[in-house]
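# Structural overview for review
Residues per chain are reported as follows:
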Amino acid sequence: LKLRPHRQRRLLGTAAPAMASAAFASAPCRAQPSSSSSTRSPLLGQLLPSAPTVSTDVGASRLQDVSFPGFVRQPGLGGQHGLSSALGKAAVGLAVAATSACASMPRAARRRRGAACLRRVSAVPRADALMIQPDDCRELIGSSRPAHWVIRTSDLKVTLDFMSAVFEMKVLRHEEYDKACAITCNGAYNMPWSKTMVGYGPEDQGYCLELTYNYGISSYEPGEGLAHIAIGVDDPAATLDVARGLGCSIQGDVITGPDGYRFRAVRQQPDRQERFQYVALRVADLNQASEFYINILGMSDITEGFAAAQGLPQQVRVMGWDLAQVPMLLLGSFERPIHEQWEGRNALCVPGRAMRAVYKNILEAKGSASGAVLHPIREFNEMPSLRRMRGLPPMPCEPSPEVQLRALRADPSSAPASGTLAVAVVTDVDGYEICLVSSETYDRAVSKAYDPEGKIDWAWREAAQAGNRAPSPNHVLACI
């Protein structure tokens, strides 16, 4: 549809519920979970002709979408193995369209509206339709951990050189994708992309950064929300000198790196193992933002003692599960910051039952600190029918995958390496994206995918940038 931006926004605001309802009515589905295949409805075939697939190869552990919670594909209909149901496709398609519509608005108008464009398209399944039931236990959610922050890069080699030279980071794994991410990990861009994880050690043991590169995007407009990321170094003055030698802008102890991202170099404390110190975000209302992270995500206000130790301004709140991890530092800005694709998203690793409780809390919460669902929860596993669909032999494992899945539903801590992975993308009260992943399976998957000795095929990437994409050792079909 070729519409002016204001008509796009009006269409999304008034028609999203009707479109999702029509998609559900025309979708060949029935109300029970399954792993059968399906076809798209005629309506969605017109609206979403190129919906991305969601099968993925994470290291040695291959995972595939099973079902949109509460709905199922009819068997024997063929079609693309894309999102779990027509309603799921509608949610993703509308979310991307809404993001594009918001991006076309003047910056002042986006400040007024904030994340309202995205919040209009929260077509989500019922909270009681989840494969594994929620458990809102504070002790359970307290065992969660921040996993990584996603940022963009317009030149991967330049960014990697900066991270290596200034902060001594290394590549943890690198993956290439032919299609856009079904849950917009690469942003609202419908194009091939790559993911490069950088940090200081295995992903399941520490924090890291995810560098997303979109083929064909030469620059990103910085937003106002992501203030800086603080990293511990042995000699801050020497780190600043290295950055200055690379031509980076320096203001105090804050370095502006590639694509406008800012990094604060702070002295690493001898009793702290994690190099990443915190992620600083600007928020419109400190009380509302804090209420979301405390009441919805089960974090604690750990400001006392932390701000003074880091030499930070007084108008801050520090939210986290544990000071030894990488907390969120909220900076009061008294107006809603303008968000761009540049802001990326935060990834949190949460125990399966607690992760579903967080999701349920967002669905049911009311008021100014409730947040919103951007991409509905999706649950993945390695059932035999899915392996047959992909032309793979049965898994030589004991007990069988069916028995493992039943055990997993009863106790998420029993997850096998190829068990059920739950993923949902939500937004906080200021519109920052948060990717929630179930820790029992995610940690095992990234542990298998850890590849610090892997080499990036720069010649292959140069050819891909020219439009000549070919299979490569680190090429996978799609991502979670």
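Counting restarts for each chain: residues are numbered from 1 in the order of the written sequence. The predicted nature of this model means local features are confined to residues of pLDDT at least 70 and side-chain atom pairs, given and counted, to a pLDDT of 80 or more, with totals for whole chains, interfaces and linings taken over all residues. With hydrogens and water excluded, all non-hydrogen atoms of the structure serve as input to the side-chain values.

The next point concerns the state of the cysteines. For the purposes of this analysis, a disulfide is any pair of cysteine sulfur atoms at a distance within 2.5 Å. For the structure shown, the criterion picks out zero disulfides. Here Cys435 is not disulfide-linked; the sulfur of Cys185 is the nearest cysteine sulfur, at 6.0 Å. Burial status follows relative accessibility: with a 1.4 Å probe on protein chains alone, a residue under 20% of its type maximum counts as buried, one over 50% as exposed, and anything between as partly exposed. For Cys435, a relative accessible area of 9% translates into the label buried.

Side chains on a regular strand alternate between the two faces of the sheet. Each helix is a run of H or I in the DSSP string that is no shorter than four residues. Each strand is a run of E no shorter than two, and both are numbered from the N terminus. Summarising burial for strand β7 (residues 226–233): eight of the eight residues are buried, a large majority. At least two DSSP bridges between two strands are required for those strands to pair. With five bridges joining them, β7 and strand β11 (residues 276–283) adopt antiparallel strand pairing. Bridged to Ala230 within β11 is Tyr278. Alignment of β7 against strand β10 (residues 262–267), held across five bridges, turns out to be parallel. Across the sheet, Val233 pairs through a bridge with Arg267, a residue of β10.

For the rest of this paragraph, the subject is the packing of helix α9 (residues 286–296) against helix α11 (residues 352–364). Inter-axis angles, ranging from 0 to 180 degrees, are taken between N-to-C directions of lines fitted to C-alpha atoms, where helices are fitted over the stretch in contact. α11 packs onto α9 with a crossing angle of 130 degrees between their chain directions and a minimal axis gap of 10 Å. It follows that α9 is oblique to α11 by the angle criterion. Across the interface between the two elements, Phe292, Asn295 and Ile296 of α9 pack against Val358, Asn361 and Ile362 of α11. In this count, Pro and Cys sit with the nonpolar residues alongside Ala, Val, Leu, Ile, Met, Phe, Trp and Tyr, while Asp, Glu, Lys and Arg are called charged and the others, Gly among them, polar. Looking at the contact of α9 with α11 residue by residue, the classes come out as four nonpolar, two polar and no charged. Between 65 and 115 degrees an angle is taken as roughly perpendicular, under 35 as roughly parallel, over 145 as roughly antiparallel, and anywhere else as oblique. Contact definition: two residues touch when any of their heavy atoms are within 4.5 Å.

Further remarks concern the side chain of Asn346. Relative to the elements of secondary structure, Asn346 occurs in strand β15 (residues 345–350). Discounting chain neighbours no more than four positions away, the residues touching Asn346 are His148, Trp149, Tyr207, Met328, Glu433, Ile434 and Cys435.

A word on the nonpolar core. Only buried residues count toward a nonpolar core. Its members are Ala, Val, Leu, Ile, Met, Phe, Trp, Tyr and Cys residues joined through side-chain atoms within 4.5 Å. Residues Phe167 and Leu209 are the most contacted members of the largest nonpolar core, which totals 65 residues. In terms of residues, this core owes the most to one element, helix α7 (residues 156–167), which gives six residues. With sequence-adjacent residues up to four places away left out, Leu209 is seen in contact with His148, Trp149, Ile151, Met163, Met169, Thr196, Met197, Val198, Ile229, Phe263 and Phe276. Counting 16 residues, the second largest nonpolar core, distinct from the first, contains Trp193, Ala347, Leu374 and Val437.

With mixed pairing, eight strands are arranged side by side in an open sheet as β8-β9-β10-β7-β11-β14-β13-β12. Looking at which strands have only one partner, the edges of the open sheet turn out to be β8 (249–251) and β12 (300–301).

For the rest of this paragraph, the subject is the packing of aromatic side chains. Between rings of Phe, Tyr and Trp, where Trp is taken as its six-membered ring, a pair exists when centres lie within 6.5 Å; planes separated by under 30 degrees are stacked, by over 60 edge-to-face, and by other angles tilted. One pass over the full model with this rule turns up eleven aromatic pairs. Between Tyr177 and Trp193, the ring centres sit 4.4 Å apart and the planes meet at 15 degrees, which makes this aromatic pair stacked. Taken together, the residues span a long stretch of sequence, with Tyr177 in strand β4 (residues 170–177) and Trp193 in strand β5 (residues 193–199) at a distance of 16 residues. A residue is classified by how much of its surface remains accessible, and Tyr177, at 1% relative accessible area, is buried. Take Trp193: its relative accessible area is 0%, and that puts it in the buried class.

In the contact formed by α7 and helix α8 (residues 236–245), the axes pass within 9 Å of each other and the chain directions differ by 150 degrees. In terms of orientation, α7 lies roughly antiparallel with respect to α8. Crossing of α7 over α8 shows right-handed handedness. Taking contact as the criterion, the partners of Ala165, Val166 and Phe167 in α7 are, on α8, Thr239, Val242 and Ala243. Class assignment of the residues belonging to the contact of α7 with α8 gives a composition of five nonpolar, one polar and no charged. Handedness of a helix crossing follows the sense of rotation of the near helix relative to the far helix, less than a right angle counterclockwise being left-handed and clockwise being right-handed.

Another aspect to go through is the pairing of strand β3 (residues 145–152). Of all eight residues in β3, eight are buried; the element is thus mostly enclosed. Direction of pairing for β3 relative to β15: antiparallel, over a ladder of five bridges. In the strand pairing of β15, Arg145 is matched with Cys349. Where β3 and strand β6 (residues 208–214) come together, five bridges link them in parallel fashion. Residue pairing in the sheet places Arg152 in a bridge with Thr212 of β6.

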